Amino acid sequence: QVQLVESGGGLVQAGGSLRLSCAASGSILSINTMGWYRQAPGKQRELVAHITSRGRTTYADSVKGRFTITRDNTKNTVYLQMNSLKPDDTGGFYCAADIFDKSVCAFDSYWGQGTQVTVSS
């Protein structure tokens, strides 16, 4: 079994910063792409950023220059540093990863339970 657990969300004023973490655990052989998604109230979940196993990154236009995604492959952990936060960034932030599960000998996509980020104006 594989689990993703996020942490680091909270309430912050506009212009502030937060750092999200997501740790993968369980019967992991390898992890390909890891990413962060955001779901604002009443809206669909959207990609914020993702990073490949080799460190190649992709960002949504709305967060370029403000957010930075990194990963520590030794800890099976992905991070999202969020700076210059805006009220529009408010929402649930979800971690996702493509993981080879040793127990079933297959790649699959896994999701965390989400962490809430609220940015006040």
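Coordinates for the structure precede this section.
Predicted model, so just to flag it, every value in this text is computed and none were measured.

Thoughts on the side chain of Ser-21
At step 1: Structurally, Ser-21 is set in strand β3 (residues 18-26).
At step 2: Residues contacting Ser-21, with those up to four places away along its chain left out, are Val-5, Glu-6, Ser-7, Trp-36, Val-78 and Tyr-79.

What about the packing of aromatic side chains?
At step 1: Taken as a whole, this structure holds 2 aromatic pairs when the rule is applied.
At step 2: Both rings, one in Tyr-37 and one in Trp-111, keep their centres 4.9 Å apart while their planes meet at 55 degrees; by these two values the pair is tilted. Taken as a pair, Tyr-37 in strand β4 (residues 28-39) and Trp-111 in strand β10 (residues 106-111) lie far apart in primary sequence, 74 residues in all.
At step 3: Take Tyr-37: its relative accessible area is 24%, and that puts it in the partly exposed class.
At step 4: The class of Trp-111 is partly exposed, set by a relative accessible area of 40%.
At step 5: With a centroid separation of 5.2 Å and 85 degrees between ring planes, the pair formed by Phe-100 and Phe-107 is classed as edge-to-face.

Reading the values: the criteria
- Residues numbered from 1 in each chain as written.
- Predicted model: local features only at pLDDT ≥ 70, side-chain atom pairs only at ≥ 80, totals over all residues.
- Heavy atoms only, no water.
- Helix = DSSP H or I, 4+ residues; strand = E, 2+ residues; numbered from the N terminus.
- Contact = heavy atoms within 4.5 Å.
- Phe/Tyr/Trp six-rings, centres within 6.5 Å; stacked < 30°, edge-to-face > 60°.
- Buried < 20%, exposed > 50% of the residue type's maximum accessible area, 1.4 Å probe, protein only.

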